[in-house]
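Each chain, written out:
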Amino acid sequence: MTFDEGARLDPGRVRSGGGPGRGGKLALGGGAGGLLVLVVALLLGGDPGSLLGDFTGTTGDGGGADLAHCTSGASANTDVDCRIVGTATSLDDVWAAQLPAQTGVEYVPPEVVLFSGSVATGCGNATSDVGPFYCPADQVAYFDTSFFQVLVDRFGSSGGPLAQEYVVAHEVGHHIQNRLGDLGRAQSDPHGAESGSVRTELQADCYAGLWAHYAATTPAPGGGEPLLEPLTDADVQDALSAASAVGDDRIQGSATGRVDPESWTHGSSAQRRSWFQAGYRTGDVAACDTYTAADLDRP
Ligand SMILES: [Zn+2]
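Residues numbered from 1 in each chain as written. Predicted model: local features only at pLDDT ≥ 70, side-chain atom pairs only at ≥ 80, totals over all residues. Heavy atoms only, no water.

## Observations regarding the overall build of the chain
Here comes step 1: A count of helices and strands for the chain gives 9 helices and 9 strands.
Here comes step 2: Taking all 299 residues of the chain together, the buried fraction comes to 55%. (Helix = DSSP H or I, 4+ residues; strand = E, 2+ residues; numbered from the N terminus. Buried < 20%, exposed > 50% of the residue type's maximum accessible area, 1.4 Å probe, protein only.)

## Some details on the pairing of strand S6 (residues 118-121)
Here comes step 1: With burial as the criterion, each face of S6 is covered, one bearing Ser118 and Ala120 and the other bearing Val119 and Thr121.
Here comes step 2: With 4 bridges joining them, S6 and strand S7 (residues 124-127) adopt antiparallel strand pairing. Note that in S7 the partner of Ser118 across the bridge is Thr127.
Here comes step 3: Here S6 folds back onto S7 in antiparallel fashion, the turn holding 2 residues. (Pairing = 2+ DSSP bridges.)

## Looking at the coordination of the zinc ion
Here comes step 1: Surrounding the zinc ion are the protein donor atoms His170 (NE2), His174 (NE2) and Glu201 (OE), at 2.0 to 2.1 Å.
Here comes step 2: Donor residues for the zinc ion, ordered by position in the chain, follow H-x3-H-x26-E. With a gap of 27 residues between them, His174 in helix H4 (residues 161-180) and Glu201 in helix H6 (residues 196-215) connect regions that are remote in the sequence. Neither residue differs from the other here; His174 and Glu201 are each classed as buried. (Donors = N, O, S within 2.8 Å, 3.2 Å for Na, K, Ca; no water.)

## Let's talk about the state of the cysteines
Here comes step 1: Applying the stated criterion across every chain, the model contains 3 disulfides.
Here comes step 2: Note that Cys206 is cross-linked by a disulfide to Cys288, the S-S spacing being 2.0 Å. Disulfide Cys206-Cys288: the torsion about the S-S bond is -75°, which places it as left-handed. Taken together, the positions of Cys206 in helix H6 and Cys288 in the segment after helix H9 (269-282) put the pair 82 residues apart, joining distant regions of the chain. A single burial state applies to Cys206 and to Cys288, both of which are buried.
Here comes step 3: In the chain, numbering the disulfide-bonded cysteines from first to last in sequence yields the connectivity 1-2, 3-4, 5-6. (Disulfide = S-S within 2.5 Å.)

## Brief notes about the packing of aromatic side chains
Here comes step 1: Taken as a whole and judged by the stated rule, the model has 5 aromatic pairs.
Here comes step 2: Taking the centre distance of 5.5 Å and the plane angle of 75° together, the rings of Trp95 and Tyr207 count as edge-to-face. Separated by 112 residues along the polypeptide, Trp95 in helix H2 (residues 80-103) and Tyr207 in helix H6 bring together distant segments of the chain. We note that Trp95, like Tyr207, is buried.
Here comes step 3: Ring centres 6.4 Å apart and planes at 65° place the aromatic pair Phe147 and Phe148 in the edge-to-face group.
Here comes step 4: Given a relative accessible area of 6%, Phe147 falls into the buried group.
Here comes step 5: Its guanidinium or amino end placed over the ring of Tyr291, Arg185 lies 4.0 Å from that ring's centre, counting from NZ or CZ. (Phe/Tyr/Trp six-rings, centres within 6.5 Å; stacked < 30°, edge-to-face > 60°. Lys NZ or Arg CZ within 6 Å of the ring centre and 35° of its normal.)

In structure tokens, the structure reads:
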């Protein structure tokens, strides 16, 4: 239970179903005509191989999540779709205050889309197998909420609300990087333990922690109560559990029994925890500068 039960939510913050279809496979690397079309997926780096959906054409059934009932903090505490509405709204509140204050850059909210099965995006078509992702070409964060169960069942995360909210905050973190012009660093250096990709992903984890730092104290627009209740130690452990679950070493180890840092795209479990904690502890965008960090093990 992380949301203030009485807080009001606008279900229109999140759209259900696919975006405009533009055909073509989802692009996870390379650019087209100078346009950045890389998607930034929670799990996958530059060469997702078999996990990519290979369908072309129109979007799937569009998901059909009905969000009309997501009108209160209470709904976000009990319903996973509404929790995304609530988290996106809280992220808007925090970043609308912190991004201009700390960087001088205005916050323009990303669109947030819930889908089921498959979806057409500005970066091409995707299936749920890709996991949550952000497409910089259309500035949309895409979620199939069935992933949250996958996160528990296959990746061993705890199932608490902050585990899910961390995932949303991480993807919105990529949107912040897009606003700040940093997202291309992942594209130009996609693999390896010290790569631009790993540094970009760890920074998104740090930005997720930064959101958590401010979420319970940032007033809703118009001076309303903060959307989130103060985080408990158990909440923070849920977020750290999710961050650990999607570490490259953890995923590689369980998939193949081997760990190959040369192919890392997101960083180790310990690194992902550490950078989330760095953002959570400091609330400072500058503390999330993974690109100049001498030791990614020590934020
Ligand atoms: Zn990511």
